[in-house]
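Listed below are the residues making up each chain.
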Amino acid sequence: MSSLKRIAISAPLVALFSLAQSPAFAGGDGGGTSASNALSNAATKSVVKTLSRGTSRCRKQPAAYRYDCYRWVYRRAANQLRTNDAYSEAQQALEQVERSLEAVIAQNRDTTQPKRRRALETYTPVKPAAIPRVKRATIQALEKAETILLRSPANKQEHYTRIAEAINSNKVLLRSALLPGGMIRLAQTLVSGFLRHG
């Protein structure tokens, strides 16, 4: 094959490869900077909403199924950040919670009870006697994720702190439910929080 023919064949391939590497082709905004590599109020707000609303919904589940519901919440939140490299540490922190819950639920699964379905999610029950242990493991996983987020680079602090606050709210709810007089303490915590932000 002549050099001229080789150039004629390879030129379109090089152009196609270059196009595939460009931000616009990869899902960016076409302005030279990929939208999937930026922190944004919209992305942060969406994750915070997933964590807050999801946890609130899970609290309505029977106690045995509640923790696998939480696992799904953290899975969904992590998946929201999967394509955005700017949130890589946050994604890893949320995935760590999911993996921790998955492990403790598997170790304490109640095989005498059926799974529960909600839309596309299936919740695995834990043994009633294991619920306090599963709660403690969940709180530890949330604390670890919160620490990861609060130690994030300075340029990510504003967004990561908001996600950490949502995780902390989930942790406060769980911890209050663990202790005697928990509902009173929870009410005091919520009132104090409203007064600080009022």
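What you see is a predicted model; the values in this text were computed from it and never measured. (Residues numbered from 1 in each chain as written. Predicted model: local features only at pLDDT ≥ 70, side-chain atom pairs only at ≥ 80, totals over all residues. Heavy atoms only, no water.)

Participant: In this structure, what is going on with the overall build of the protein? I would like to understand it.
Facilitator: Across its full length, the protein holds seven helices and two strands. Start at the N end of the protein and walk to the C end: the helices and strands fall as α-α-α-α-β-β-α-α-α. A buried classification covers 36% of the 198 residues belonging to the protein. Sequence separation of 24 or more characterises 63% of the internal contacts of the protein that already satisfy a separation of 6 or more. Surface exposure of the protein reaches about 11700 Å², of which carbon and sulfur atoms provide 57%. (Helix = DSSP H or I, 4+ residues; strand = E, 2+ residues; numbered from the N terminus. Buried < 20%, exposed > 50% of the residue type's maximum accessible area, 1.4 Å probe, protein only. Contact = heavy atoms within 4.5 Å. Areas by Shrake-Rupley, 256 points an atom, 1.4 Å probe, with all protein chains shown as cover.)

Participant: Quick question: what am I supposed to make of helix α4 (residues 88-107) here?
Facilitator: The periodicity of an α-helix, 3.6 residues per turn, causes residues three or four places apart in sequence to face the same way. Spanning 20 residues, α4 covers 29 Å between terminal C-alpha atoms, matching the ideal 28 Å at 1.5 Å per step. Within α4, burial applies to Ala90, Gln91, Ala93, Leu94, Glu95, Gln96, Val97, Glu98, Leu101, Val104 and Ile105. (Expected span 1.5 Å × (residues − 1).)

Participant: Please explain empty space enclosed by the protein as it appears in this structure.
Facilitator: Over the atoms rolls a probe the size of a water molecule, and in doing so it shows where empty space is left. Under the criterion given, the structure shown has one cavity of 30 Å³ or more. Here the largest cavity defines a volume of roughly 50 Å³. Elements with a minimum of two residues in the lining of the largest cavity: α3 (63-80), α5 (131-150) and α6 (157-178). (1 Å grid on protein atoms, 1.4 Å probe; cavity = no way out; pocket = protein on both sides within 12 Å on 5 of 7 lines; lining within 4 Å. Points joined across faces, edges and corners; volume = space filled by probe spheres on them.)

Participant: So what exactly am I meant to see when it comes to the environment of Pro62 here?
Facilitator: Examined against the element boundaries, Pro62 turns out to sit in the loop between α2 (41-58) and α3. Remark: the alpha-carbon pair of Pro62 and Pro125, spanning 63 residues in sequence, is separated by 9.0 Å.

Participant: Which parts of the structure should I look at to understand the state of the cysteines?
Facilitator: What makes a disulfide is a covalent bond joining the sulfur atoms belonging to two cysteines. Tallying each qualifying case throughout the model produces one disulfide. Each sulfur of the disulfide joining Cys58 and Cys69 lies 1.9 Å from the other. Between Cys58 and Cys69, the S-S dihedral sits near -80 degrees, and the bridge is therefore left-handed. Taken as a pair, Cys58 in helix α2 and Cys69 in helix α3 lie far apart in primary sequence, eleven residues in all. For Cys58, a relative accessible area of 0% puts it in the buried group. Its relative accessible area of 0% is what places Cys69 among the buried residues. (Disulfide = S-S within 2.5 Å.)

Participant: Would you explain the packing of α2 against α3 in this entry?
Facilitator: Each pair of packed helices gets described by two things: the angle between the helix axes and the distance between those axes. The contact between α2 and α3 brings their axes to 9 Å, and the two run at 170 degrees. For the element pair α2 / α3, the angle class is roughly antiparallel. Residues Ser46, Val47, Thr50, Leu51, Gly54, Thr55, Arg57 and Cys58 of α2 pack against Arg66, Cys69, Tyr70, Val73, Tyr74, Arg76, Ala77 and Gln80 of α3. When its residues are assigned to classes, the contact of α2 with α3 shows eight nonpolar, five polar and three charged. (Axes fitted to C-alpha atoms, helices over the stretch in contact; angles between N-to-C directions. Parallel < 35°, antiparallel > 145°, perpendicular 65-115°, else oblique. Nonpolar A, V, L, I, M, F, W, Y, C, P; charged D, E, K, R; others polar.)

Participant: I'm lost on the environment of Ala164 in this one. Help?
Facilitator: Considering the arrangement of structural elements, one finds Ala164 in helix α6. A relative accessible area of 2% means that Ala164 is categorised as buried. Apart from residues no more than four positions distant in its own chain, Ala164 is found in contact with Glu146, Leu149 and Leu150.

Participant: What is the right way to read the pattern of salt bridges from this model?
Facilitator: Where side chains of opposite charge bring their charged atoms close, a pairing between them can arise. Summed over the entire model, instances satisfying the criterion amount to eight salt bridges. Ionic pairing is found between Arg71 and Glu98, a salt bridge with its closest N-O pair at 3.9 Å. Highlighted residues: Arg71 in helix α3 and Glu98 in helix α4, separated in sequence by 27 residues. Here Arg71 falls in the buried class, since its relative accessible area comes to 9%. Assessed through its relative accessible area of 14%, Glu98 is described here as buried. Salt bridges linked by common partners bring Asp68, Arg71, Arg75 and Glu98 together as one network. (Salt bridge = Lys/Arg side-chain N within 4 Å of Asp/Glu carboxyl O.)

Participant: Is there a simple way to explain the confidence of the model for the protein in this structure?
Facilitator: Atom-level detail of predicted coordinates should not be read off regions where pLDDT is low. Chain-level statistics for the protein give a pLDDT mean of 80 and a share of 71% at 70 or above. Segment residues 7-35 is flagged for pLDDT under 50; beyond a separation of four residues in sequence, or across chains, it makes twelve contacts in the model. Every residue in residues 180-198 scores below 50 in pLDDT, and together they form eight contacts with partners more than four places removed in sequence or on other chains. (pLDDT = per-residue confidence, 0-100.)

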